[in-house]
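Below are the chains, spelled out letter by letter.
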Amino acid sequence: MKNKNELSYKDLKMTCNDSIFNFETTSELEDINTGIGQERGIKALEFGLQVDVKGYNLYLEGPSGVGKTMYTKNYLDKISIKKKVPNDWCYIYNFTNPNIPIAVSLPAGQGKEFKDNMDGFIKEIKKDIKKTFNADDFEKEKTLIKQQFEEKRTALLDKLNIDASKYNFQVKASQNGIYMMPIVDGKAIEEAEFDKLEPEVKKQYEEKSTIVQEQIMIAINKIKEIERQSDKKISEWQSNIALLTVSAHINFLKSKYKRNKKINNFLTDVKQDVLKNVSYFIEEDEINNKQNQHSTNPNIKKQDPSLNYRVNLFIDNSSLDGAPVIMDSNYSYTNIFGALEYENYYGALKTDHTMLKPGLLQQANGGYIIFQAKDLLSNPACYEALKKALRVKEVGIENTVEQRSSMIMISLKPEPIPLDLKVILIGNSQIYQTLLAMDGDFKKLFKIKVEFEDDAPLNKENANKLARIIHGFCEHDKLPHLDKSAMAKLVEHASKLAGSHSKLSTRFDDLIQIAGEAATWAKLSRSKVVTGEFVEKALKEQINRVKKFDSKYMEMIENHSLLINTSGFEVGTLNGLTVMTVGDYTFGKPAKITVNTYTGKNGIVNIEREVELSGSSHSKGVLILTGYLGEMFAQNIPLCLTASICFEQLYNGVDGDSASSTELYGLLSSLSGIPINQAIAVTGSVNQKGQIQPIGGVNEKIEGYFQICKMRGLDGTHGVMIPIQNVDNLQLSDEIVEAVKNNLFHIYSISTIEEGIEVLTGVPAGKKDQNGLYPAGTVNDLVYKKLKKYANIIYEKK
């Protein structure tokens, strides 16, 4: 006769009927841009993005692989199209303070236009100046001015000669200057002949030479003044001619950007600089040829003034449709906040305003930027700089070149750019709680928390949404698509991951991994479609790859190194089910639990706790047992016993309270003397009232014990007893379902200790009658009598 607590094979697994799918293979579907079962999180996300107040950035919390990033990116792409395209940003040369480049904002598209305008201006102004000053009229006028200078210079020298001849000296001019020669007997003599003169004559000439030298100095000063006036006249004349050429270009640009004060001031400075450097532009080709001949000597290098007229198109939004949405995997400081690049200029690191490069923040300005919290926090400097930028609402570029560099750096401090964007930080709950507790700025800057769940209701709509996600994955990776049977198996696996027959896991990374492996098995079998058979194979092989320690345990149980009995009846001994995790693989195995009871007042002794192998949750579970015994059996007698509980052959510690009911069954068996069926393994926690509470890892525990029973030969006596609340979590293998169906294995669900002890012993637990006594021969009656005996022994000794 079937036990009332025994489950039907139909209760052991959520079976997905492939008729819920509206397709034959996932190739017929379209990509999905929405999440699955994240309505509350999506509502919070949409609201947070609408709040246009400082500090309302968002933190998206949830386990990895649930689609937080995918949905957020898709949603932002959708809403950003309707937003205004943000302005372009340019950096221009600062003629007043060259180390502080000026940031200029222009409507989207005009930044590129401004850059092209200035590039065109540089080419045109150089060409026009050369054309103007190489014309015949200019050369004639320049020659005329120089001729006038030469005439005045010649007149001064002629007059100087006349004055010098009065003192018997002749004056001559050369490239190296003006020198004088004495005249003797009407003839100018050289220095050698002068030395041969009589000392008295020489003395007379030397005395006169002082007067002539003064005359020469006066003449030289006058010639220099005439030369300066000539150069000034030529320069002024050049500037006047250049002014007409430059003004035509500058006035056109000023009229185009008349509403932008920074650009107008810049153009005025450019105009003055061009007029100041007209000579360079006229002789540019000649200067460049000279510099090329001496390319290794930086001292004769002359910088082209037009380099300062260039525009650095820092942010170009001309190709954007709506606001930018930025997401990147490079979390280096320069990639986020921008960089000031350098070039090696004869041993010094040199830069200019055109070498300023934008970072992700500048690119996202006016829109949205997505950061992964874990990656951002791995670089504390980036996180601190981000908070600073959000606080002051502007972003600048700092010099991050290695401070220990031995090279001399010519650096810049560009004008910061105003910052207006939404930052979306994506991470898990642990990171959020840590930031909330440790960082006072975090709550001020990330005021909206968006929670994403790791499961969703299991219904037709969500199952078909999952199929569309798998479609996108297969398309992206060019893998065979899944048919309906394969999707049904994947939904069953998703239900197992969610831990409920009515839930679907939204950890898409795990599901996509299985789909990818199933597709690979299909390709190896030369199948064009992934069927349910390949999904089952992928799941099986995934476990086989990592079950080394599981196999070792099986081997030790098989050769009786680990003493696990799966047949017969024993007092105070039973198999408790445990879960072990090695890396990312979790498996269940039984542990032998033994209980001894005897006279004393020490109560229940947890051997694991005594040797410091017991975790806090397990110790709590053991202490609960005393409470249960006290309520059930010590209402009219004192509780006088000593009981020792031990997990046999367990040396690495135990935690969790999932074995507390198992330990209580052992206590009841030891006190009553009724043996327990060793073929049935047990899991479940218990409270002081004897109610069974749910536990974790129920599928792994059942499957682990089943494999041992299978190894020893299923005979219809074997089974597992679980809390009734865990029935919804069952997603057992087809092999176990078939064994239960054929009465070779049994699974019992219970809600109280009384139900459990009856399954394990086959003896009624017994309920108190009106007199507070248990029916004779029941488990509770025998336990009560044993405890009463212990109490009598203790008090008789007194």
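Structural data are supplied above this passage.
Everything numeric here is computed off the predicted structure, so don't read it as measured data.

Explanation requested: the overall build of the protein chain in the structure shown.
Within the protein chain, the secondary structure is distributed over 27 helices and 33 strands. Each of the 798 residues in the protein chain was classed as buried or not, and the buried ones make up 46%.

Sorry, what's going on with helix α19 (residues 532–544) here?
Residue pairs three or four apart in sequence face the same way in an α-helix, which turns once every 3.6 residues. Taking 1.5 Å as the rise per residue, α19 with 13 residues should run 18 Å; its terminal C-alpha atoms sit 18 Å apart, in good agreement. Elements that come into contact with the buried residues of α19 comprise α17 (484–498), α18 (508–524) and β22 (529–530).

Would you mind showing me how to read the nonpolar core here?
Counting residues in each nonpolar core, the largest one holds 41 residues, and the members touching the most others are Phe633, Leu664, Tyr665, Leu668 and Met721. Every element with two or more residues in this core is listed here: β25 (585–598), α22 (616–633), β27 (642–647), α23 (660–672), β29 (680–682), β33 (746–750), α26 (753–761) and α27 (779–797). Ignoring any residue separated from it by four or fewer positions in sequence, one finds Leu668 in contact with Leu629, Phe633, Gly673, Ile753, Ile757, Val779 and Val783. Core analysis: the second largest hydrophobic core is formed by 35 residues, Met14, Cys16, Ile470 and Leu482 among them.

So what exactly am I meant to see when it comes to the sheet that holds strand β3 (residues 102–106) here?
The pairing of strands in a sheet comes from backbone hydrogen bonds and takes either a parallel or an antiparallel form. Pairing is antiparallel across the open sheet formed by three strands, whose spatial order is β3-β2-β7. Edge positions in the sheet fall to β3 and β7 (312–315), since each has one partner strand and no second. The average angle at which neighbouring strand axes cross in this sheet is 35°, direction not considered. As judged from the three bridges shared by strand β2 (residues 88–92) and β7, these two strands associate in the antiparallel manner. Following the sheet pairing, Trp89 is matched in β7 by Ile315. Against the sheet, helix α3 (residues 110–133) makes contact with β2, β3 and β7, and its axis sits at roughly 30° relative to β2, the strand it touches most. Along the sheet, helix α7 (residues 261–276) makes contact with β2 and β3, crossing β3 at roughly 125°.

Looking at this structure, I do not really get the pattern of salt bridges. What am I missing?
A side chain of one charge can pair with a side chain of the opposite charge if their charged atoms are brought near each other. Counted according to the given criterion, the structure contains 29 salt bridges. Where Asp439 meets Lys387, a salt bridge forms, and the shortest distance between an N and an O atom there is 3.0 Å. A residue pair is termed long-range when its members are at least 10 positions apart, and Asp439 in the loop between α14 (429–438) and α15 (440–445) and Lys387 in helix α13 (residues 380–392) qualify at 52 residues. According to the relative accessible area criterion, Lys387 is buried, its value standing at 3%. Ionic pairing is found between Lys465 and Glu461, a salt bridge with its closest N-O pair at 3.5 Å.

What is the right way to look at the environment of Asp483 in this model?
Position of Asp483 relative to the elements: it lies in the loop between β20 (481–482) and α17. We classify Asp483 as buried; its relative accessible area is 15%. Once residues within four sequence positions are removed from consideration, Asp483 is found in contact with Glu24, Thr25, Val529, Val530, Thr531 and Gly532.

About the cut-offs
- Residues numbered from 1 in each chain as written.
- Predicted model: local features only at pLDDT ≥ 70, side-chain atom pairs only at ≥ 80, totals over all residues.
- Heavy atoms only, no water.
- Helix = DSSP H or I, 4+ residues; strand = E, 2+ residues; numbered from the N terminus.
- Buried < 20%, exposed > 50% of the residue type's maximum accessible area, 1.4 Å probe, protein only.
- Expected span 1.5 Å × (residues − 1).
- Contact = heavy atoms within 4.5 Å.
- Core = buried A, V, L, I, M, F, W, Y, C linked by side-chain atoms within 4.5 Å.
- Pairing = 2+ DSSP bridges.
- Axes fitted to C-alpha atoms, helices over the stretch in contact; angles between N-to-C directions.
- Salt bridge = Lys/Arg side-chain N within 4 Å of Asp/Glu carboxyl O.

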